[in-house]
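Notes for the structure review
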Amino acid sequence: MHSDIRVRFAPSNTGHLHIGGARTALFNWFFAKHHAGAAILRIEDTDRQRSTEEYYDAIMEAFDWLGLEWDEGPYRQSQRMDIYKESVNKLLSSGAAYRCTCTPDQVNAMREKARADGKTPKYDGTCRGRYDKDPNVPFCLRLRTPDAGETIVDDILAGEVVFENSQLDDMVIVRTDGTPTYNFCVAIDDIDMKITHVIRGNDHLSNTPKQVLVYKALEEPTPNFAHISMILGPDKKRLSKRHGADSVLEYRDRGFLPEALINYLVRLGWSHGDQEIFTKKEIVENFSLENLNRSAAIFNPEKLLWLNQEYIKSADGDFLVESLDTGLKERGLLPDLLTHGTRKGIVNELRTRSRTISDMIDGARFFFENEIEFDEKAASKFLNPENSGLIMKLRDELTKIETFSTENVKSVFHLVMEEETIKLGKLAQPVRVAITGGTISPGIFETISLLGKDRTILRLNTALAKIDE
RNA sequence: GGCCCCUUCGUCUAGCGGUCAGGACACCGGCCUCUCACGCCGGUAACAGGGGUUCGAGUCCCCUAGGGGUCACCA
C-alpha cells in the first residue's frame, strides 16, 4: 500500500511550532497517511536574521512529543541554494526573469505614488527592458509578470480563485545579496520534491498566484492546492502571542496529552459526523480534505481541557504514574515515598478529577509531603476542639486495624459513626482537612488507605496538636 | 484602500432542496453523594440581513453587512 501522493509541511524556524502550525502539519500528515503517501518536513530558513537553531530544535522536539514522524526530511532551504541557482539561470536565459537595479527606496516611492493615484501599489517595471546594465551596480532579480490576463488558482477547498495579473507585482526572486526569496523557493522546492498537494493556511492563498507564475515560467505543472481555514483567538482576531498562539511545547508543559491536543486541533475545521473523540488510527482512516470546513475557527481552551480530561480518564495507569513521578520530582518531592502500586491507586482516584496532568500532580501533592500545608479557612472551620474527640476516637480505632484496606477503613468510620450517632459528613470533613490540609480530595476511605496507616495516624496527631494550640 | 477568502446555538460542528435544524464544550436545573470530581437525566440557545430560483431553501444564485487574510529585497 503506497501511493504517489506527497505533501509537505514547511515551517520557518523563526519561532516555535505554535498550535496553528501544528494543525496545518496534522492535516498534511493525516492526508498523507490516509492515502498511504509521503509526508515531508521542510524547514524554511532563508531568513538569515531571524532563523535560529534553537527554534529548529524546538520544532523538532514538538513533533517528537506529538509523535509525528516524517517520511522525508527535515530538508533545509539554506542547504539547497544550488537547486535555486539552477532554476534562476533557467529563468534568466528564457527571459522570464530580469535584473533590476532599482533601490528599495525607489521602489517604495513607486508604490506610494501608485497608491496616491488610487492604483495597485506595485513595482512599475522600470528595469524590464534595460539591457545596458552596469555590472558594478548592485541588482536583484525579478520575475516578469504578464501585464494582462489572469492567473487562476484551482483550490480543492475554495474552488477556482481568479487573480487579475494586473494586480500582481514583478516579484523579487533573488535579493541584492544573492539569496532567493520565499515565494520563489517554495515553488522550486515543491517542484523538486514532487509535491502533489500543497496544504497550508489560508493566509497563503494570496501568495499562490505568484508561485503559480513561477511554475508557469518553468513550464512545470502546478500541484493541487488546499488552503485551509485559520485559527482565530477568542476575540476573532488572528491568533498571536497575545491570545493563545502558544507553542505546542507549552501545552506539554501545562500537562496536556499529545493525543488530546491532536484530537482537538484536528476537530477544529474537520469533522466526521458527530464523533468527538478519535484515535490517531481513526483519523487516518476517515480523514479527507473534502470534510474540512472552509471558515475560520475560534480556539476554545475549555473544550481542549475537556478533551484532555477524557484522555486522562482513559489513559494507561502506568503512564499516569510515570507522569506523576516526573511531576513530583520537578517539584522536589519523592515519588518513592509510596509504592508503585499505591501511586497507581492514587492516579486512578485522581484521573476523574484532573483536567491536566498538572492538576493531577497538584491533587497528589499531599500524599508525598512530609508536612502538609493547611488551608486556613478549612482548618478554622473543621479543626476545632469540638471535633478533636471524634478525630481521637477515629485515630484509636484506625490504630487497631491490621490490614489497612479501603474496606477496613470504611468499617472503622462506620463504627465511629454508629457509636457517636453522626453522619459520615460530620466525620469525614474534619478528617479530610486533618490528613490533606484542605476540603478537597478523593473519597476519604480511599485517601486514607492510600496514605497508609503510619502517615494517617501521624497526620491525625499533628492536627490534634494544632487544635490544642 | 485594492484584491482574495469566510458567515448554522456564546464556541467547535452535523446538514450535502422536504429534518420538531442533530451532536459536543460551556452554562442552568435535577439525581447520585463524605468534600471535589465522575456518571446519569433534563433545559436555555443558531441558519447575519435582503432579494431572487423552486411546489418547497440552512442547503442554489445575486446584493448588502460583518469577520478574516493579503498587498516586502519576512516567511
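Now for a quick tour of the structure. Residues take numbers from 1 onward in each chain, read along the sequence in its written order. The order in which chains are written sets their letters, starting at A; the order in which ligands are written sets their numbers, starting at 1. Local features in a predicted model are, by the rule used here, given only for residues with pLDDT of at least 70; side-chain atom pairs are given and counted only at 80 or more, and totals for whole chains, interfaces and linings are based on all residues. With hydrogens and water stripped out, all remaining heavy atoms of the structure feed into the side-chain values.

**Topic: the nonpolar core**
Note the following rule: As used in this record, nonpolar core signifies buried Ala, Val, Leu, Ile, Met, Phe, Trp, Tyr and Cys residues forming a set joined through side-chain atoms within 4.5 Å. Burial classes follow relative accessibility: with a 1.4 Å probe on protein chains only, a residue under 20% of its type's maximum area counts as buried, one over 50% as exposed, and anything between as partly exposed. The helix and strand labels rest on DSSP assignments: H or I over at least four residues marks a helix, E over at least two residues marks a strand, and numbering proceeds from the N terminus.
Counting 107 residues, the largest nonpolar core has Phe 63 and Leu 66 as its most contacted members. The element contributing the most residues to this core is helix H1 (residues 19-34), with nine residues. Of all hydrophobic cores here, the second largest spans 20 residues; its members include Leu 91, Ala 96, Phe 184 and Ala 187.

**A closer look at the protein's contact with RNA strand B**
Heads up, the condition is: Working definition: residue near molecule or strand if any one of its non-hydrogen atoms lies within 4 Å of it. Polar contact criterion, stated in full: a pair of N or O atoms within 3.5 Å, where within protein one must be able to donate a hydrogen and the other to accept it, and residues adjacent in sequence count only if both atoms are side-chain atoms. Any residue outside Ala, Val, Leu, Ile, Met, Phe, Trp, Tyr, Cys, Pro, Asp, Glu, Lys and Arg is labelled polar, Gly included; the first ten of those are nonpolar and the last four are charged.
Neighbouring RNA strand B are 63 residues, the closest being Asp 47, Arg 175, Thr 176, Thr 352 and Arg 432. What you see for RNA strand B is that sugar and phosphate hold 72% of its atoms within 4 Å of the protein. Take Glu 44: an N or O atom from its main chain is 3.2 Å from a sugar or linking oxygen of RNA strand B. Contact between RNA strand B and Lys 237: a phosphate oxygen at 2.9 Å from a side-chain N or O atom of the residue. Every element with two or more residues in the surface near RNA strand B is listed here: helix H4 (104-116), strand E5 (140-143), strand E7 (159-164), helix H5 (182-192), strand E12 (297-298), helix H10 (301-313), helix H17 (424-436) and helix H18 (444-451). Of the residues in the surface near RNA strand B, the class split is 21 nonpolar, 22 polar and 20 charged.

**Here we look at the packing of helix H11 (residues 317-330) against helix H12 (residues 340-350)**
Axes are the key here: two packed helices are described by the angle between their axes and the distance separating the axes. Heads up, the condition is: A fitted line through C-alpha atoms represents every axis, and for helices the fit uses only the stretch in contact; the resulting angles, taken between N-to-C directions, go from 0 to 180 degrees. Any angle from 65 to 115 degrees is called roughly perpendicular, while one under 35 is roughly parallel, one over 145 is roughly antiparallel, and all others are oblique. Contacts were defined at the residue level, with two residues in contact if any of their heavy atoms lie within 4.5 Å.
In the contact formed by H11 and H12, the axes pass within 9 Å of each other and the chain directions differ by 100°. Taken together, the axes of H11 and H12 are roughly perpendicular relative to one another. Contact residues: H11 offers Gly 317, Asp 318, Leu 320, Val 321, Leu 324 and Asp 325, while H12 offers His 340, Arg 343, Lys 344 and Val 347. Grouping the constituent residues of the contact of H11 with H12 by class yields four nonpolar, two polar and four charged.

**Notes on the side chain of Thr 145**
Within the element layout of this structure, Thr 145 appears in the loop between E5 and strand E6 (150-155). On the accessibility criterion, Thr 145 (4% relative accessible area) is buried. Leaving out residues up to four positions away in the same chain, Thr 145 has contacts with Arg 128, Asn 165, Leu 168, Asp 169, Asp 170 and Leu 213.

**What to know about the pattern of salt bridges**
To keep things clear, this is the line we draw: By definition here, a salt bridge exists when the distance from a side-chain nitrogen of Lys or Arg to a carboxyl oxygen of Asp or Glu is within 4 Å.
Applying the stated criterion across every chain, the model contains 32 salt bridges. Residues Arg 76 and Glu 53 are paired through a salt bridge, measuring 2.7 Å at the closest nitrogen-oxygen approach. Remark: Glu 53 occurs in helix H2 (residues 53-66) and Arg 76 occurs in strand E3 (residues 72-76); sequence separation between them is 23 residues. For Asp 253, the salt bridge goes to Arg 252, with nearest N and O atoms at 3.0 Å. Taken together, the shared-partner salt bridges connect Arg 8, Arg 42, Glu 44, Arg 80, Asp 189, Asp 190 and Asp 192 into one network.

**Here's the deal with H11**
Condition: Here the expected span of a helix is defined as 1.5 Å times the quantity of residues minus one.
The end-to-end C-alpha separation of H11 is 20 Å, in line with the 20 Å expected for 14 residues at 1.5 Å each. Along H11, the residues classified as buried are Gly 317, Leu 320, Val 321, Ser 323, Leu 324, Asp 325, Gly 327 and Leu 328. For H11, the secondary structure elements touched by its buried residues are H10, H12 and helix H13 (357-368). Residue Asp 316 occupies the N-cap position of H11, its side-chain oxygen lying 3.2 Å from the main-chain nitrogen of Asp 318. Positive phi appears at Gly 332, one or two residues downstream of H11, with a value of about 75°.

**With respect to the packing of aromatic side chains**
Let me state the cut-off plainly: Two aromatic rings from Phe, Tyr or Trp, using only the six-membered ring of Trp, form a pair when their centres are within 6.5 Å; if the ring planes differ by under 30 degrees the pair is stacked, by over 60 it is edge-to-face, and anything between is tilted. Counting as a charge over the ring demands two things of the Lys NZ or Arg CZ atom: a distance within 6 Å of the ring centre and an angle within 35 degrees of the ring normal.
By the definition in use, this model includes twelve aromatic pairs. Seen in terms of ring centroids, Trp 29 and Phe 30 are 5.2 Å apart; in terms of plane orientation they differ by 90°. Their pairing is edge-to-face. For Phe 30, a relative accessible area of 0% corresponds to the buried category. Linked through ring pairs, Phe 27, Trp 270, Phe 278 and Phe 287 together constitute an aromatic cluster. One Lys or Arg, Arg 76, reaches over the ring of Tyr 56 and ends 3.9 Å from the middle of that ring. Across the ring face of Tyr 251, the terminal group of Arg 254 is positioned such that the distance to the ring centre comes to 4.6 Å.

**Focus on the sheet that holds E5**
Selection rule: The pairing criterion is simple: DSSP has to find at least two bridges between the two strands.
If you trace the three strands from one edge of the open sheet to the other, you get E4-E5-E8, paired in antiparallel fashion. Both outer strands of the open sheet, strand E4 (97-100) and strand E8 (172-174), are each paired with one neighbouring strand and no more. For this sheet the average axis-to-axis angle between neighbouring strands, irrespective of direction, equals 45°. Relative to E5, E4 runs antiparallel, the two being bridged by four bridges. In the sheet register, Ala 97 faces E5, and the bridge partner there is Leu 143.

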